[in-house]
Amino acid sequence: MGLGVRWTLHGDGRTPAPGAVVRPDERLSWPRTAGLGAQHVVAMFGASFVAPVLMGLDPNLAIMMSGVATMLFLLATRGRVPSYLGCSLSFVGVAAVIRAQGGGSAAVTGAILVVGGALLLSGLAVRRFGARIIHAAMPPVVTGAVVMLIGFNLAPVTASTYWPADQWTALLTMLVTGAAVVCLRGFWSRIAIFLGLLFGYAISWVFDRAFGTIHSIGGSGKVTDHWRLDLSGVAKADWVGLPSLHAPEFHWSAILVALPVVIALIAENAGHVKAVGEMIGDPLDDQLGTAIAADGAATVLSTAVGGPATTTYSENIGVMAATRVYSTAAYWAAAGFALLFGLCPKFGAVVAAVPGGVLGGITVILYGMIGLLGAQIWVHNDVDLRNPLNLVPVAAGVVIGVGGVNLKISDNFELSGIALGTIVVIVGYHALRALAPEHLKPSREPLLDAGTSTYDDDTRAS
C-alpha cells in the first residue's frame, strides 16, 4: 500500500466539471494546487496563531510544527483523510491553570505531551478493538460535559487578564468579530477570527494615535502606561531564522490538569473524520483509530520541541466543503507554506505584538464557542438532561470545572477545575449508571457521538 503521495490529474487540471469533486487521490494543476494550499493556510491561520499566543508559546514554532504535523498525519492515513492539523485551542485553559500554579512553558508542553501520548494510545486501542470502546467509556453526555467545562473554565482568563487591558478595543473587536462570524459567507466566514484580529490591530493603532498611551495591564502583567500596539520587536526581528525550541518538563500537578482534554480531542477527531467521510463519499470508519493515533503522535512530536498540541481543523474542512476540492496534494502544499512561515522570526514578532484588548474581544467569543461545542454534542445526540442519570453528574462536574472548585488531597497535591470536574462527570456517570434503575438507562445509544462539527457542501459557499 502506498503512502498517498501520488495523484492523478483531475480532468484538464483547471476547473472541475459542474457537480464534480476532486477526490483525495486527485489533483488540479500544480499552480492551482499551490493556490488551494495557500487558501488552507489562511483558513487555519487565525486560530493557529491565536492558540500559541494565548498559551505563551512561540507562534513561529507553532505554525512550523502544524506543517510537520499535517505531513505526518497524511502519511499515517496514507492520503485517505484530507485534513490539516493546526494548533489546538483545547489546551488554552490548561496552560492558564498551569501558569497560575507557577509552571512555565516547559511544564505546559510536558503536560500536553502526555496528553498526546494518551491520545496516541487511544487511537491504537480503537484500531485494535473498534470504535465501541470510545462510546463505552465516553458516551455523548460525558464528552459534551467535558468539552463544555474546558471552554467555560477559560472565562476568568478573559475577564481578569485580556479584557481589562483595553476594554473599548475589546468591545469593538468583539462586535466586529461576532458580525464577521454571523454575516460573512463561504471562505470569508472561515477566517472570521483572523479578520477580527486584523480589525483589532487597526483600531489599536488608531487609538494610539488619537488618545496616546493607555494605563492598564500590559504584557508584563503589571499596570503601566504603554502603547496598545507595540511593534518595536518586529523591526528587530530577522526575516529568516529558526524558532526557539525548549525541552518539556513533567509535573504531576500539570499533567492531571491537562489529561481531561484527551476526551475532547477524541470527540473532535471522531466528528471530523466522520464529516470528511460524508463529504468525499468514502466511509472512513476504518481510519478513525489511525487518525486519532496520528493526531496524538503529531502532538507528541510538536510538544517534544516546545510547540503546542495539534488537531484536525474544522476551518479547513469547511474550505473543502465550499470548494469541493478534497485533494491531499493541496494539504501538502499548505504544510509546505506553514514550514516557510515558521522560519520567519519577523512573522512571529507580528503575532506576539497582538494587543491585550484585541485578545479580550476575540476570546470572549472564542472561549464561549469552545464551551458551547459541548452543548452541540448533546443536541446532535439527543442527550436528555431531564434524565437525572445525565443531569446530576453533568451539573456537578460543570459547576466544579467552571467555578474552579478545589479538592485538597494532601499538602502537596490537590485536584481542581478541569481535572476535578472531568473526574466527577466520568466517575459519577458510570457509578450512577451502575446503581440506577433500568428505566433511566437509554435502551439504545449511538456508536459514536457526532463530534463537534458538521458541514454541508454549499449552504455557506459564496
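Residues numbered from 1 in each chain as written. Predicted model: local features only at pLDDT ≥ 70, side-chain atom pairs only at ≥ 80, totals over all residues. Heavy atoms only, no water.

Where an unreviewed UniProt entry is consulted, the protein appears under the name Nitrate reductase, with the organism given as Streptomyces botrytidirepellens. Of the protein, the UniProt comment under Subcellular location (unreviewed entry) reads exactly: "Membrane". Recorded in UniProt under Sequence similarities (unreviewed entry), the annotation for the protein is "Belongs to the nucleobase:cation symporter-2 (NCS2) (TC 2.A.40) family." (UniProt positions renumbered as here; feature names shortened; annotations may be inferred.)

(A) Region of interest: the environment of Ser83. On the secondary structure map, Ser83 appears in the loop between helix 2 (59-76) and strand 3 (85-87). A C-alpha to C-alpha distance of 29 Å links Ser83 and Val383, two positions 300 residues apart in sequence. Not counting chain neighbours up to four residues away, the residues in contact with Ser83 comprise Thr70, Phe73, Leu74, Val276, Thr312 and Tyr331. (Helix = DSSP H or I, 4+ residues; strand = E, 2+ residues; numbered from the N terminus. Contact = heavy atoms within 4.5 Å.)

(B) How the structure looks around the packing of aromatic side chains. Summed over the entire model, instances satisfying the criterion amount to two aromatic pairs. The interplanar angle of 85 degrees and the centroid separation of 5.9 Å between the aromatic rings of Trp7 and Trp30 together place this pair among those described as edge-to-face. Here Trp30 lies in helix 1 (residues 30-55) and Trp7 lies in the segment before strand 1 (8-9), a separation of 23 residues in the sequence. On the basis of relative accessible area, Trp30 is assigned to the partly exposed category, the value being 46%. Ring geometry for Phe207 and Phe211: centres 5.5 Å apart, planes at 65 degrees, overall edge-to-face. Taken together, the residues span about one helical turn, with Phe207 and Phe211 both in helix 10 (residues 192-211) at a distance of four residues. Above the ring of Trp239, the side-chain terminus of Lys346 is found at 5.1 Å from the ring centroid. (Phe/Tyr/Trp six-rings, centres within 6.5 Å; stacked < 30°, edge-to-face > 60°. Buried < 20%, exposed > 50% of the residue type's maximum accessible area, 1.4 Å probe, protein only. Lys NZ or Arg CZ within 6 Å of the ring centre and 35° of its normal.)

(C) Representation of the pattern of salt bridges in the model. Overall, the coordinates contain four salt bridges when judged by the stated rule. With its nearest N and O atoms 2.7 Å apart, the salt bridge here joins Asp286 to Arg80. Residue Asp286 is located in the loop between helix 13 (261-280) and helix 14 (288-304), and its partner Arg80 is located in the loop between helix 2 and strand 3; the two are separated by 206 residues in the primary sequence. Judged by its relative accessible area of 26%, Arg80 is partly exposed. Here Arg228 and Asp208 are joined by a salt bridge, their closest N and O atoms 3.1 Å apart. Here Arg228, found in the loop between strand 5 (223-226) and helix 11 (232-236), pairs with Asp208, found in helix 10; they are 20 residues apart in sequence, far enough to count as distant. (Salt bridge = Lys/Arg side-chain N within 4 Å of Asp/Glu carboxyl O.)

(D) Region of interest: unusual backbone geometry. We note that Arg78 has phi near 55 degrees; this positive angle belongs to a residue other than glycine. Of note, Arg78 is situated in the loop between helix 2 and strand 3. Residue Arg78 is classed as partly exposed on the basis of its relative accessible area, which comes to 35%. Its identity as a non-glycine residue notwithstanding, Asp382 has a phi of 55 degrees, on the positive side. By the element assignment, Asp382 lies in the loop between helix 18 (356-380) and helix 19 (388-403). In this structure Asp382 comes out as exposed when scored by relative accessible area, which is 68%.

(E) Fine view of helix 6 (residues 140-152). Under the 1.5 Å per step criterion, the end-to-end length of helix 6 is 18 Å for 13 residues, consistent within 8% with the ideal 18 Å. Within helix 6, twelve of the 13 residues are buried, which leaves the element mostly enclosed by the surrounding structure. Residues of helix 6 that are buried: Pro140, Val141, Val142, Thr143, Gly144, Ala145, Val146, Val147, Met148, Leu149, Ile150 and Gly151. Considering only its buried residues, helix 6 is in contact with helix 5 (132-137), helix 7 (155-162), helix 13, helix 18, helix 19 and helix 20 (417-435). (Expected span 1.5 Å × (residues − 1).)

(F) The packing of helix 6 against helix 20, seen in detail. Where helix 6 contacts helix 20, the axes come no closer than 10 Å and their chain directions differ by 165 degrees. The pairing of helix 6 with helix 20 is recorded here as roughly antiparallel in orientation. Between helix 6 and helix 20 lies a crossing whose hand is right-handed. For the pair helix 6 and helix 20, the contacting residues are Val141, Val142, Ala145, Val146, Leu149 and Ile150 in the first and Ile418, Gly421, Thr422, Val425, Ile426 and Tyr429 in the second. Its residues assigned to classes, the contact of helix 6 with helix 20 shows ten nonpolar, two polar and no charged. (Axes fitted to C-alpha atoms, helices over the stretch in contact; angles between N-to-C directions. Parallel < 35°, antiparallel > 145°, perpendicular 65-115°, else oblique. Left-handed = near helix turned anticlockwise from the far one by under 90°. Nonpolar A, V, L, I, M, F, W, Y, C, P; charged D, E, K, R; others polar.)

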